[in-house]
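Descriptive analysis of the structure
Listed here are the chains, written in short residue letters.
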Amino acid sequence: MKIISYQLYNDEILVFCPTTVGGIFHECLTMGVKFVLYMEPQETEKKVLMDETSSTQTHRSRMPPPKRSNKALIVGIVVIVLLIVGVVIFLLLRGRSSDQSSELGKEKGGTSKASPTPTPSLYQLVTIEISEQQASLSAIENDIKELESVFKYQPVKFSDVLTPTPPQTPEWEVQKKEIVRARAELEIVRRIATLNKLIPKINSTKKTSSLQKSVLIDEVNAHTNYLTSLKQTVEKENSFSGLVALANVITSDSYKSYQVLVPKVSIVVISDKINVLNDSFSNVSNKLIQKTEKLRSAKKDVVSVQKTLAHLLFLMGDAGNKAELAFVRVFPLVSQDYPKNRSVLTDAKSKLQKARQNLKQAVVDEQKLVSSLSAIESGKSSQFNLFQLFTP
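Residues numbered from 1 in each chain as written. Predicted model: local features only at pLDDT ≥ 70, side-chain atom pairs only at ≥ 80, totals over all residues. Heavy atoms only, no water.

1. A closer look at the overall build of the chain
From N to C terminus, the chain includes eleven helices and four strands. For the chain, with 392 residues in total, the buried portion stands at 31%. Accessible area of the chain: about 25300 Å², with a carbon and sulfur share of 59%. (Helix = DSSP H or I, 4+ residues; strand = E, 2+ residues; numbered from the N terminus. Buried < 20%, exposed > 50% of the residue type's maximum accessible area, 1.4 Å probe, protein only. Areas by Shrake-Rupley, 256 points an atom, 1.4 Å probe, with all protein chains shown as cover.)

2. Concerning the packing of helix α9 (residues 253-297) against helix α11 (residues 342-378)
Their axes nearest at 10 Å, the elements α9 and α11 cross at an angle of 20°. Classed by the angle they form, the pair α9 and α11 counts as roughly parallel. When you trace α9 past α11, the crossing you get is left-handed. Classifying every residue of the contact of α9 with α11 gives 21 nonpolar, four polar and six charged. (Axes fitted to C-alpha atoms, helices over the stretch in contact; angles between N-to-C directions. Parallel < 35°, antiparallel > 145°, perpendicular 65-115°, else oblique. Left-handed = near helix turned anticlockwise from the far one by under 90°. Nonpolar A, V, L, I, M, F, W, Y, C, P; charged D, E, K, R; others polar.)

3. Description of unusual backbone geometry
Here Y338 and P339 are connected by a cis peptide whose omega angle stands at 10°. Turning to its location among the elements, P339 is positioned in the loop between α10 (303-330) and α11. With a phi angle near 65°, K299 is a residue other than glycine that sits in the positive phi range.

4. Quick look at the nonpolar core
As a rule of thumb, soluble globular proteins bury nonpolar side chains together. V220, V265, I267, I274 and L288 are the most contacted members of the largest nonpolar core, which has 70 residues in total. Only α3 (122-151), α5 (170-196), α6 (198-203), α7 (210-236), α8 (240-251), α9, α10 and α11 provide two or more residues apiece to this core. Among the elements that take part in this core, α9 stands out by supplying 16 residues, more than any other. Leaving out residues up to four positions away in the same chain, V220 has contacts with L195, L198, I199, I202, L261 and V265. (Core = buried A, V, L, I, M, F, W, Y, C linked by side-chain atoms within 4.5 Å. Contact = heavy atoms within 4.5 Å.)

5. Points about α3
The first and last C-alpha atoms of α3 sit 44 Å apart over 30 residues, in line with the 44 Å expected at 1.5 Å per residue. Among the residues making up α3, those that are buried are Y123, V126, E129, I130, Q133, L137, I140, D143, I144, L147, V150 and F151. Against α9 and α11 lie the buried residues of α3. (Expected span 1.5 Å × (residues − 1).)

6. Notes on the confidence of the model for the chain
Chain-level statistics for the chain give a pLDDT mean of 80 and a share of 70% at 70 or above. Here residues 19-49 is a poorly scored stretch, pLDDT under 50, and it has 49 contacts once near neighbours within four places are set aside; other chains count. Segment residues 58-62 is flagged for pLDDT under 50; beyond a separation of four residues in sequence, or across chains, it makes zero contacts in the model. (pLDDT = per-residue confidence, 0-100.)

7. So, the packing of aromatic side chains
Aromatic ring pairs are described here by two measures, namely the spacing of the ring centres and the angle between the planes. Enumeration according to the criterion identifies three aromatic pairs in this entry. An angle of 20° between the planes, with centres 6.4 Å apart, marks the rings of Y153 and Y255 as stacked. With Y153 in the loop between α3 and α4 (159-162) and Y255 in helix α9, the pair connects residues that are 102 residues apart, well separated along the chain. For Y255, a relative accessible area of 14% translates into the label buried. Judged by its relative accessible area of 10%, Y153 falls in the buried class. The ring of F240 is capped by K176, whose NZ or CZ atom sits 4.4 Å from the centre of that ring. (Phe/Tyr/Trp six-rings, centres within 6.5 Å; stacked < 30°, edge-to-face > 60°. Lys NZ or Arg CZ within 6 Å of the ring centre and 35° of its normal.)

8. Re the environment of V215
Within the secondary structure layout, V215 lies in helix α7. Distance in space between the C-alpha atoms of V215 and F331 is 9.6 Å, their sequence separation being 116 residues.

9. Considerations on α9
Across its 45 residues, α9 extends 66 Å between first and last C-alpha, which sits within 8% of the 66 Å expected from 1.5 Å per residue. In the segment just after α9, K299 is the residue with positive phi, at about 65°.

10. Concerning a nonpolar patch on the surface
Taken together, the side chains of L73, I77, V81, V85, I89 and L93 present a nonpolar region at the surface, about 560 Å² in accessible area. You can see L73 is positioned in helix α2 (residues 71-107). (Patch = residues over 30% accessible without salt bridge, like charges linked within 9 Å, V, L, I, M, F, W, Y side chains within 5 Å. Salt bridge = Lys/Arg side-chain N within 4 Å of Asp/Glu carboxyl O.)

This is the structure:
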């Protein structure tokens, strides 16, 4: 007998088995367990399968629902963490490699290539040149102040000791001799110090020819040597009369040479600086003229700009002429003609002062031109000029 299924019913186990006859309950006792057998007639296989399916579904419905697994979530988190760690390591290695490459480039004598800087505009370049011109003008102004102090130079006075004053005591005779010696040495040392400063200034000139430099340097060295020799004579002289004679030399012949040579060299140096600076003004003015012509060709109103340019060119030309004339007039001066040639020196100084004032005003014109041209080109002050339609 084949058992199909079993069920618990009223504390009894019902066992189902197929039979050809009608189903009958049979009670049996096996191993102390009471079984009630229910014999049901054998039906079609479809019914059996339906019973099996229903019993299986009943069994599954009583089973607890399966727990969801977090394995996939954990795996995803681990993968994300590994990706983040990998990116961080990559960035660190890349930064180290770039640092090492830059250091290697520096060791080879080159520097790491920086990002290209934008090319400055014309107005920016001109503004830089104008700043340099202002610095040069300040240096020229200081040189002119020193030149004025040379014209105001006064030698040491000996009159108070050379003129006899009663009573003449032996102590006073000794004292006035030492006073004359000390004052003579002081005057000579002061002049030598001033002359020594002229040599570097002569060598720094750019427009002065080599021959002209050589002539000036020879004159300075000759007078310096003369003063050095004169100082040694003063140190050795013991008589009062001899010191008086040397004092007269210092206040006459030596003074004449000094009063011609020092302002002469100073004027030559300042004139050279003005001529060099004038080249910078010419360079800037040429750039501004080209920009003006370009805007004029584009039918822009540049009438006021052209007037300012004309004034700028006049100032530059006049400054250059005055500086050149001052140079030419003082270069051949000699001490033997002093004080007759003092007027030539003072006139040359006045010309240099006017030349500096012209260039100072020229800087103002340049700044005005930069501002005007920039505004016209950007369209802030551009006005269409009807008359320029008929100009070539």
